[in-house]
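The lines below spell out each chain.
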Amino acid sequence: MTETKTKLPKWFNGQVYEHGNTVTNRFGGDSCYLSAEELSMYDFIIGASVMYETDIMTEKFHDKLVTDLRKGLDWFRKNNAEAYMILLD
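In this section: the pattern of salt bridges. Tallying each qualifying case throughout the model produces three salt bridges. A salt bridge links Asp-68 to Lys-64; the nearest nitrogen and oxygen atoms lie 2.7 Å apart. Of this pair, Asp-68 and Lys-64 both sit in helix 2 (residues 59-79), four residues apart, which is roughly one turn of that helix. Notably, a salt bridge pairs Asp-74 with Arg-77, separated by 2.7 Å at the nearest N-O pair. Of the two residues, Asp-74 and Arg-77 are both situated in helix 2; the distance of three residues between them amounts to about one turn of the helix. Arg-77 gets classed as partly exposed once you look at its relative accessible area, which sits at 37%. What emerges from the salt-bridge pattern is a single network uniting Lys-64, Asp-68 and Lys-71.

What counts and how
- Residues numbered from 1 in each chain as written.
- Predicted model: local features only at pLDDT ≥ 70, side-chain atom pairs only at ≥ 80, totals over all residues.
- Heavy atoms only, no water.
- Salt bridge = Lys/Arg side-chain N within 4 Å of Asp/Glu carboxyl O.
- Helix = DSSP H or I, 4+ residues; strand = E, 2+ residues; numbered from the N terminus.
- Buried < 20%, exposed > 50% of the residue type's maximum accessible area, 1.4 Å probe, protein only.

Put into structure tokens, the structure is as follows:
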């Protein structure tokens, strides 16, 4: 499968993968292939969501977490709307 290079934003400080992979929606079971950059952002979004939902962040970092989570969702929606609808909507 050919990898497309979509640049991650400057604010992104998560793990950057070298290869993409197929991801399955944990609720609906639909799957789609993500490039390395999309997979990196997807994992960041899922991790930030879990941290937000479990409220394990200190209040000091809560606002930054919410801001970065929203920016990540916006980035994903803009760069791969179809995968966004399958995995994150």
